[in-house]
Protein chains: 2
Amino acid sequence: MAMRAAQTAARPLPEATLRRLPLYLRALVEASGERLLMLSSEELAARAGVNAAQVRKDLSQLGSYGTRGVGYDTELLRQQINRQLGLNREHNVAVIGAGNLGQALGNYRGFSERGFNVVAAFDTDPDKFGSRLGTAVVYPLSELARVVREKKITMALITTPAQVAQDIADRLVAAGVSSVLNFAPAVLTVAPHVSVRKVDLAVELQILGYYEHLRANHTAAPRATTIN
Amino acid sequence: MAMRAAQTAARPLPEATLRRLPLYLRALVEASGERLLMLSSEELAARAGVNAAQVRKDLSQLGSYGTRGVGYDTELLRQQINRQLGLNREHNVAVIGAGNLGQALGNYRGFSERGFNVVAAFDTDPDKFGSRLGTAVVYPLSELARVVREKKITMALITTPAQVAQDIADRLVAAGVSSVLNFAPAVLTVAPHVSVRKVDLAVELQILGYYEHLRANHTAAPRATTIN
DNA sequence: CCATGTGAAAGCGTTCACAGCG
DNA sequence: CGCTGTGAACGCTTTCACATGG
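The sections below set out a description of the structure shown in this document. (Residues numbered from 1 in each chain as written. Chains lettered and ligands numbered in written order. Predicted model: local features only at pLDDT ≥ 70, side-chain atom pairs only at ≥ 80, totals over all residues. Heavy atoms only, no water.)

Regarding the sheet that holds strand β5 (residues 116-123) of chain B
All names here are of chain B.
In step 1: The strand order across the open sheet built from 7 strands is β6-β7-β5-β4-β8-β9-β10, with neighbouring strands paired in mixed fashion. Lying at the two open borders of the sheet, with one neighbouring strand each, are β6 (132-133) and β10 (195-198).
In step 2: Against the sheet, helix α8 (residues 162-175) touches β4 (91-96) and β8 (155-158), its axis set at about 170° to β8. (Pairing = 2+ DSSP bridges. Helix = DSSP H or I, 4+ residues; strand = E, 2+ residues; numbered from the N terminus. Contact = heavy atoms within 4.5 Å. Axes fitted to C-alpha atoms, helices over the stretch in contact; angles between N-to-C directions.)

Quick word on helix α8 (residues 162-175) of chain A
Working note: α-helix, 3.6 residues per turn, so residues spaced by three or four point in the same direction.
Residues and elements named next belong to chain A.
In step 1: If you check α8, its first and last C-alpha atoms are 20 Å apart, about what 14 residues at 1.5 Å a residue would give, namely 20 Å.
In step 2: Buried residues belonging to α8 abut β4 (91-96), α7 (144-150) and β8 (155-158).
In step 3: Note on α8: the residue one or two positions beyond its end, G176, has a positive phi of about 115°. (Expected span 1.5 Å × (residues − 1).)

Notes on the protein's contact with DNA strand D
In step 1: Surrounding DNA strand D, one finds 25 residues, the nearest of these being S41(A), G69(A), Y72(A), R20(B) and R68(B).
In step 2: When atoms of DNA strand D within 4 Å of the protein are sorted by moiety, sugar and phosphate together comprise 60%.
In step 3: R68(A) is positioned such that a nitrogen or oxygen atom in its side chain is 3.1 Å from a base oxygen of DNA strand D.
In step 4: Looking at the surface near DNA strand D, the elements that each hand over two or more residues are α3 (52-62), β2 (66-67) and β3 (71-73) of chain A together with α1 (15-33) and α3 (52-62) of chain B.
In step 5: For the surface near DNA strand D, the leading source of residues is α3(B), giving 4 residues.
In step 6: Tallied by class, the residues present in the surface near DNA strand D amount to 6 nonpolar, 12 polar and 7 charged. (Near = heavy atom within 4 Å. Polar contact = N/O pair within 3.5 Å; in protein donor to acceptor, adjacent residues only side chain to side chain. Nonpolar A, V, L, I, M, F, W, Y, C, P; charged D, E, K, R; others polar.)

Observations concerning the relation of the copies chain A and chain B
In step 1: The two copies are related by a screw operation: chain A maps onto chain B through 180° of rotation and 0.0 Å of translation along the axis, at an RMSD of 0.0 Å. Within this description, the copies of the chain are treated as partners about a two-fold rotation axis. In terms of proximity to the rotation axis, the leading residue of chain A is A104(A), whose C-alpha is 2.8 Å off the axis.
In step 2: Both copies contact each other with a shared surface, as 100% of the interface residues of chain A are interface residues in chain B too. (Least-squares fit on C-alpha atoms with pLDDT ≥ 70 in both.)

Description of the pairing of strand β9 (residues 179-182) of chain A
Residue and element names in this part refer to chain A.
In step 1: Burial along β9 is two-sided: S179 and L181 and V180 and N182, pointing in opposite directions, are all buried.
In step 2: For the crossover from β8 across α8 to β9, the handedness is right-handed.
In step 3: Examined bridge by bridge, β9 and strand β10 (residues 195-198) share 4 bridges and lie parallel to one another. By the bridge assignment, L181 is partnered in β10 with R197. (Buried < 20%, exposed > 50% of the residue type's maximum accessible area, 1.4 Å probe, protein only. Right-handed = clockwise from strand over helix to strand, strands pointing away.)

Quick look at the pairing of β5(B)
Residue and element names in this part refer to chain B.
In step 1: Here β5 lies mainly inside the structure; 6 of its 8 residues are buried.
In step 2: Note: β4 against β5, 6 bridges, orientation parallel. Across the sheet, N92 pairs through a bridge with N117, a residue of β5.
In step 3: Examined bridge by bridge, β5 and strand β7 (residues 136-140) share 3 bridges and lie parallel to one another.

Now the structure itself:
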C-alpha cells in the first residue's frame, strides 16, 4: 500500500481546470453521500453541469486516477483533488473593511469549509473595533502590520472604498501577505511575488442585463446562456 | 447633429469584451473627473490595467468611436459603452435568501449604481419578514410569485442553501423572471429562454490558495498572477 | 505624423473521436 | 466490451504589427 504517488503538483494546472475542480469536488461529496463508490465521467459531468469530455481532460491533468471500462473511485478522486488544490493546508485570511461586503465575507461559511479561516478584520470606524465578524474580531486598521504578523496571515480580502485600496495593498504586502483578493473597484499594483485577483460582483449581473437588453431590442435573438 | 448611430447592438459582443467594458467605464469616469477630454488606448489601458491592443479591439467591437492620431473622446465613449451594456435601462432585482450574503448583496451599492435595483427580498424565517435589506423589504417566500409580478422583477439573486435552489429557480421562472444569478453551490436547470449564471465566491480564493501551495512546495516557482 | 482599427499569428480552452487498457 | 485518457480539430481570446486615415 505504498501511498505516495507523485507527491504533489506535476506542473501548474490550467486556470480553467482549477476553476472547475470545486464543482467536481461537490459532485463527489454528494455521490459519496449516496454511497456511490464509482462514478463515470458521464455521471460526474451531469452532476457538475459540464461536458463529459471536459471532465476527463480535467481529471487527466491530475494523473490517471480512473479505471478504464469502469470509472473513477469516488473517494480516491476526492482525495486527489483536495491534495492538488492544497485544500488540506489551512490559510489564515484577513478581511479589510468591515462594511456590508466585509461582514458577509467574514461570515461566509464557504470559506472556512475549504480551509480559509478568517482570523481578523480591520476597519477605521472606532464603533466597530472589538466587534465580531464571523469568528474574527475587528481591529483598528493601524494594528494591521502587527496582527498580520502575529496571526500569520497570508491572504487578505480588500473590501474598502477604491481610493484607499492601493494603500491597503501596499501595507498588506509590507506586512507579509502574499495573496490579495480585491473586491474594490480599483486596479492594484504589487510586487511580482504577490498574487492579486479581482472580483467584481456586478459583472455577472451586468452580463445578464446585457442579454436581457438584447432579447428586448433585437426580438429575434432569445440567446439564453446557461453557465454552471 | 443627427445623433442616431447604429441605434443599438450590431451583433452580440464577445463575453470577454463584455467583462472588460465596466473597467473601461470606470477609467473613463475617473478621467472625466480629471477634466481629460481625450484618452489614448494606451492611457485607457493603463488605467484599466489591461493591454492597449486589447482596448482597441474591444472598443472597435462597439463601432468607430475613436479619432486616428488623437484618441477617444472620453464623454462620447462613456455614453456608447453605457448604451451598449443597456446600462440606461433599469432592472428590478429580487434577492432570495436574507442570510449574510443576501444582506450584503441587498446593501451593495455597486448594483444600484449600475441600474440594478434590489426591490424585494425573500426568506422563510418569520423573524425577518418586514425587515429591511438595503432599500428592499423582506417578504415571506410564499409571496414570491405575487411580488415578482407586482414589482415587475426580471432578475433574481439566489443566496439560499443548495438544496432549495432548484425549487426556487423553478418558482422564479414560473413567475416570469428571465435572468438568474446563482450564488448557491448547486447546478440549476431552467427553460431555454432563461439565462442562468453562477458565482462561487470561494473560487478565486481557491485559485490564490493553489498558487500559494505551489510556491510553498515547488520552491522554484514564484509564479505570481496579477490579474485585474 | 501618430494613434486607431484590423487582418494575421499565436495561445488557450473546449469538443470530438477513437486508440488503448482494464 | 465499456470507459478512460488523449491526439487532433475547432473556436474563442489575446497579442502583434501595420495599413489607414484624421
